[in-house]
Amino acid sequence: MMLVSRVLGRVLCAASKSESFATSAAAAAADSARKAQNPLEEFFEVDRSTDEEKPVVYGRGWKASELRLKSWDDLQKLWYVLLKEKNMLMTQRQMLHAQNLRFPHPERIPKVRKSMCRIKHVLTERAIADPDPRRSAEMKRMINAL
């Protein structure tokens, strides 16, 4: 009798765990499906209604003094965020140009480019300041590959 109750208890426990796992897996799959319906959507800016009274204000570029305070990992993450933003803006500009439409806020592209150049500048400064010549040369090669 005790053996039967243990086996039954284990089966019920395993069934409840697998059911909760299946439920959480289904929820995660549905959530990811909502977020990324099409990977190409990342190359297009989310449509904003033009009926709003106040204009959309975009941020400024990063200053070199601000970037000097960031760690290597933070600069790498920021580089890829800026690269993604640049790709999105260039795609949008090309798409609108093909439709003979005006690209809104064209000043955003130079801000992103300048920020990317400043990141490379800060990383080059760090590579030059490195006392180990091998590591410095390796860092310079990596920076030039960006």
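The structure presented is a predicted model; accordingly, all values stated were derived computationally and were not measured.

Rules used in this analysis
- Residues numbered from 1 in each chain as written.
- Predicted model: local features only at pLDDT ≥ 70, side-chain atom pairs only at ≥ 80, totals over all residues.
- Heavy atoms only, no water.
- Helix = DSSP H or I, 4+ residues; strand = E, 2+ residues; numbered from the N terminus.
- Buried < 20%, exposed > 50% of the residue type's maximum accessible area, 1.4 Å probe, protein only.
- Contact = heavy atoms within 4.5 Å.
- Areas by Shrake-Rupley, 256 points an atom, 1.4 Å probe, with all protein chains shown as cover.
- Polar contact = N/O pair within 3.5 Å; in protein donor to acceptor, adjacent residues only side chain to side chain.
- Phe/Tyr/Trp six-rings, centres within 6.5 Å; stacked < 30°, edge-to-face > 60°.
- Lys NZ or Arg CZ within 6 Å of the ring centre and 35° of its normal.
- Core = buried A, V, L, I, M, F, W, Y, C linked by side-chain atoms within 4.5 Å.
- Axes fitted to C-alpha atoms, helices over the stretch in contact; angles between N-to-C directions.
- Parallel < 35°, antiparallel > 145°, perpendicular 65-115°, else oblique.
- Left-handed = near helix turned anticlockwise from the far one by under 90°.
- Nonpolar A, V, L, I, M, F, W, Y, C, P; charged D, E, K, R; others polar.

Remarks on the overall build of the chain
Next up, step 1: The secondary structure content of the chain amounts to five helices and zero strands.
Next up, step 2: Each helix and strand of the chain, placed in order from N terminus to C terminus, yields the pattern α-α-α-α-α.
Next up, step 3: Counting all 146 residues of the chain, 18% fall into the buried class.
Next up, step 4: Of all intrachain contacts in the chain linking residues separated by at least 6 positions in sequence, the fraction that spans at least 24 positions is 62%.
Next up, step 5: Per element, the accessible surface of the chain, about 11,600 Å² overall, is 59% carbon and sulfur.

Topic: the side chain of arginine 108
Next up, step 1: Note that arginine 108 resides in helix 4 (residues 108-129).
Next up, step 2: Look at arginine 108 and you get buried, because its relative accessible area is 7%.
Next up, step 3: Of note is the side chain of arginine 108, whose polar atom sits 3.5 Å from the side chain of tyrosine 58.

A short note on the packing of aromatic side chains
Next up, step 1: Applying the stated rule across the entire model yields zero aromatic pairs.
Next up, step 2: Of note, arginine 108 hangs over the ring of tyrosine 58, and the distance from its end group to the ring centre comes to 3.9 Å.

Thoughts on the nonpolar core
Next up, step 1: In terms of nonpolar packing, the biggest core is built from 19 residues, with Leu67, Leu75, Leu82, Leu89 and Ile119 touching the most fellow members.
Next up, step 2: When neighbours within four sequence positions are excluded, leucine 75 is seen to be in contact with Leu67, Lys70, Ile119, Val122, Leu123 and Arg126.

Examining unusual backbone geometry
Next up, step 1: Phi is positive for asparagine 100, close to 60 degrees, though the residue is something other than glycine.
Next up, step 2: Topologically, asparagine 100 is positioned in the loop between helix 3 (72-98) and helix 4.
Next up, step 3: In this structure asparagine 100 comes out as exposed when scored by relative accessible area, which is 72%.
Next up, step 4: Positive phi, close to 55 degrees, is recorded for histidine 105, a residue that is not glycine.
Next up, step 5: Within the secondary structure layout, histidine 105 lies in the loop between helix 3 and helix 4.
Next up, step 6: A relative accessible area of 28% places histidine 105 in the partly exposed class.

Some details on the packing of helix 4 against helix 5 (residues 133-145)
Next up, step 1: Closest axis-to-axis distance for the helix 4/helix 5 pair is 8 Å, and the angle between their directions is 165 degrees. The angle between the axes of helix 4 and helix 5 places the two elements in the roughly antiparallel class. Pair helix 4 / helix 5 crosses with left-handed handedness. On the side of helix 4, the interface is formed by Lys120, Leu123, Thr124, Arg126, Ala127 and Ile128, while helix 5 contributes Ser136, Met139, Lys140, Ile143 and Asn144.
Next up, step 2: Here the contact of helix 4 with helix 5 is built from residues that sort into five nonpolar, three polar and three charged.

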